[in-house]
Amino acid sequence: MHQLDQILSEVASYFPNADLPLVRRAYQFAAQAHEGQTRKSGDPYVTHPLAVAQIIAELKLDVSSVCAGLLHDCVEDTSATIEQLSELFGKEVAFLVEGVTKLGKLPYSTREEQQAENFRKMLLAMARDIRVILVKLCDRLDNMRSLHHLPPEKQERIAAETMQIYAPLANRLGIQWVKVELEDLAFKYTYPGEYEQLALDVAKSRAERLEYIHTVEKLIHKEMTENGVPCDVMGRAKHLWSIYQKMKRTQRPFEEIHDAIGFRVITDSQMHCYQALGVAHQTWTPIPGRFKDYIALPKPNLYQSLHTAVIGPRGERIEIQIRTREMNLVAEHGIAAHWKYKEGKPVAPDTDKKFGWLRQLMESHKELRDPTEFLESVKIDLFGDEVYVFTPGGDVKALPKGSCPIDFAYSVHSSIGDHCSGARVNGMIVPLRYQLRNGDTVEIITNPNQKPNKDWLKLVKTAKARTKVRYLLRTEQRDKAVVLGTDLLDKALRKHGTTLQRAEKQLKHAATELRCVTVDELIIQVGYGKITTQQVLEKALPELAKAKEDLPAKTESMLKTLLRKVTSRRTSSSGIKVAGEEDILVRFAKCCSPLPGDPIVGFITRGRGVTVHRRDCDKGLDLDPERRIDVEWDGNSKTHHEVAIQVLCSDKPGLLAHISQSFTDQGVNINQAHCRATEDGRAVNTFHASVKDLDQLKSVIRSLSRIKGVFSVDRVSADVG
């Protein structure tokens, strides 16, 4: 009860008129509903909803959100129902709980599809009430804090999902402290070797770093005060994931990361922010290209601040952020800091322009039916830095870093994107592959005869552009499939004395039997090659089934006809089952080089069998879902698969031998190596090695990461190097 009292005290501190008895009743209901249940740690299960409610109170959310935190697992894990919660705690609390509850009872073919549909449901609920995702973030944060109690495979899966979805969401919502903690916790389980080494390096320099922070804090405060800028100054070391990302980006070891410390100047007005910037640049030498003005151009998540980097005391590079107290509140708590209470109710997203990005997010993705593609496209919108560019009329467009003119064109209007043939940037004609930069003024050149092509998918960065291009390309493929399917079926039917028109009734029956909604859908599946004309004839003209034994062997089954039955020697070498069949011609996509243990998906290609991609492969996601087919690893296969591993390290004698020995120690053979030194004393090494599965690859990567002088180890495309 002590933790409940803390929660009640916290809520009362920022919301004096809060209905605290409702919170107490919610706790009592949750405690009773979860009675007898325990967490993996052995603690009573109710400690989890209590911890979630505590985090929600730290975000200073309303009573309904706190109650939802206490009750969020009741519907999923106990006999409680949404109707029961609505009756006892009100419709608002019930809605929030329902938004967070997983879709555990719906049949999905893969964990990825279930994850995607869960996320889609949360986003839809979030579009109606932003508190849904805030409660979910608090739930995820507490689960990450106790992740060490789960088995390693679950730790890795949940950590990866957190890094890919929930940390970017926290960032998009502007809740920095949640984002930072989620990233560091996910880092710990995603790259355990690198995390341990970096944590050790940071701990060694802790005393020296704290002394430096304290000294510079006083120095900055003195300079600001003497120049008439009232302020508070806070210094802090960057969090581990941020330092690790910088090490990878710059290909430098921890000892050479000099700006791992940042300072925050909090003042009382926007005018004093710019004055403080002047003082900082007057006192210390600014580093060119490192100044960013997020006050004049706020981030889409409402973040405002001035960022600069200077050569500070003792010649150390330091980063300085300058903002007002209100800006600082928004920077830490994001959208939660904008909570306005009117009779205890917060503003709805659709009534406030601050939530415009959320509406845009849902608009961009509502036409995506495929759950895996939906999740991938949402990740694109959540991740990454932005560049700010201008229309010829002076309007600002925020696009992901690396965006090209095609992305800009689609952000203006879909039809402009569809017919984009070129662009002028700052008055100069540029190619469509040009990467937009901050401050560019972009004018799109259109041509009514221009239409998207496959190459555009290699250029675009925004989810909207990628979705639109894929849609148009698939529509084109679908039209071709209709023509081809119609032609194949008509020819097959004519051989048996009928036509498509005359056999319409029989074809409807065949469509139902072959699980197609309509005859048109049946024709398309024939055009794609997923259903053969022989299958259709056997269902449409039953008399053919009786004579099946007289048919040529090549028409025995759809897969064995289309995908070509191969010898048993070739079959065993693939290690893949296609729709339950083991003797299907299979090839592995070089763009992602799948390994046993990777989630995979197959795509039918006429005459070339099935191509297998990793589920998260960008090129696989660009392919038409209509061609997708279920594939799985054959657990009995002993086949080894080639994978490419890129190692960035120092260029020093003996290190390559040490790296090679690490492969040998893990029982892995190097088939090919490409090594080159760079001008800055570093080396880029790409090894093509044979491994038996994903676990062995991870073991190799962990072993290589521990070698002193190695900066990063990454699995890369097989055609790299």
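Above this text sits the structure in question.
One structure accompanies this document, and this report is about it. (Residues numbered from 1 in each chain as written. Predicted model: local features only at pLDDT ≥ 70, side-chain atom pairs only at ≥ 80, totals over all residues. Heavy atoms only, no water.)

Let us look at the overall build of the protein. Along the backbone of the protein there are 31 helices and 21 strands. Residue burial in the protein is summarised as follows: out of 721 residues, 52% are buried. Carbon and sulfur atoms make up 50% of the accessible area of the protein, which totals about 34,900 Å². (Helix = DSSP H or I, 4+ residues; strand = E, 2+ residues; numbered from the N terminus. Buried < 20%, exposed > 50% of the residue type's maximum accessible area, 1.4 Å probe, protein only. Areas by Shrake-Rupley, 256 points an atom, 1.4 Å probe, with all protein chains shown as cover.)

Spatially, four strands are ordered β19-β20-β18-β21 in an open sheet, and the strand pairing comes out antiparallel. Each edge of the sheet is formed by a strand with only one pairing partner; in this case those strands are β19 (669-677) and β21 (710-716). Taken pair by pair, the neighbouring strands of this sheet meet at an average axis angle of 20°, ignoring direction. Note: β19 against strand β20 (residues 682-691), eight bridges, orientation antiparallel. Within β20, the residue paired with N669 across the bridge is S690. Its contacts with the sheet put helix α30 (residues 655-665) on β18 (641-650), β19, β20 and β21, and the angle it makes with β20 is roughly 20°. (Pairing = 2+ DSSP bridges. Axes fitted to C-alpha atoms, helices over the stretch in contact; angles between N-to-C directions. Contact = heavy atoms within 4.5 Å.)

Another point: the pattern of salt bridges. Inspection of the entire model under this criterion finds 22 salt bridges. Taking the shortest distance from any N to any O, the salt bridge between R325 and D232 comes out at 3.2 Å. Placement of the pair is R325 in helix α16 (residues 325-333) and D232 in strand β1 (residues 231-237), with a sequence separation of 93 residues. Since its relative accessible area comes to 43%, R325 is described here as partly exposed. By sharing partners, the salt bridges in this structure join D62, E92 and R131 into a single network. (Salt bridge = Lys/Arg side-chain N within 4 Å of Asp/Glu carboxyl O.)

This next bit is on unusual backbone geometry. Phi is positive for K60, which is not a glycine, with a value near 60°. Summarising the element assignment, K60 is placed in the loop between α3 (47-58) and α4 (63-71). Located in the positive-phi region is N426, a residue other than glycine, with phi close to 55°. Along the chain, the position of N426 falls in the loop between β9 (420-425) and β10 (428-430).

For the pair helix α6 (residues 82-89) and helix α7 (residues 91-100), interaxial distance at closest approach is 7 Å and the crossing angle is 145°. Remark: the crossing between α6 and α7 carries right-handed chirality. Contact residues: I82, L85, S86 and F89 in α6; K91, V93, A94, V97 and E98 in α7. A per-class count over the contact of α6 with α7 returns six nonpolar, one polar and two charged. (Left-handed = near helix turned anticlockwise from the far one by under 90°. Nonpolar A, V, L, I, M, F, W, Y, C, P; charged D, E, K, R; others polar.)

For the rest of this paragraph, the subject is the packing of aromatic side chains. Applying the stated rule across the entire model yields eleven aromatic pairs. For the pair Y191 and W241, a centre-to-centre distance of 6.2 Å together with 15° between the ring planes defines the contact as stacked. Placement of Y191 in the loop between α11 (176-190) and α12 (192-204) and of W241 in helix α14 (residues 240-250) is noted, with a sequence separation of 50 residues between them. For the pair Y191 and Y244, a centre-to-centre distance of 5.8 Å together with 40° between the ring planes defines the contact as tilted. Taken together, the residues Y191 in the loop between α11 and α12 and Y244 in helix α14 connect sequence positions 53 residues apart. The class of Y191 is partly exposed, set by a relative accessible area of 27%. (Phe/Tyr/Trp six-rings, centres within 6.5 Å; stacked < 30°, edge-to-face > 60°.)

Turning to the sheet that holds strand β14 (residues 600-605), a few remarks are in order. The strands that make up a sheet are held in pairs by hydrogen bonds between backbone atoms, and each pair lies either parallel or antiparallel. Read from one edge of the open sheet, four strands run β13-β15-β14-β16, paired in mixed fashion. Pairing within the sheet leaves two strands with one partner each, and these edge strands are β13 (586-588) and β16 (628-629). Bridge count between β14 and strand β15 (residues 609-614): six bridges; the pairing is antiparallel. Residue I600 lies in a different strand from β15, and its bridge partner there is R614.

For an α-helix, the turn length of 3.6 residues means that residues three or four places apart are oriented alike. For α11, with 15 residues, the first-to-last C-alpha span of 20 Å sits near the 21 Å given by 1.5 Å per residue. Buried within α11 we find Q176, V178, K179, L182, E183, D184, L185, A186, F187 and Y189. Elements in contact with the buried residues of α11: α9 (131-145), α10 (152-172), α12, α14 and α16. (Expected span 1.5 Å × (residues − 1).)

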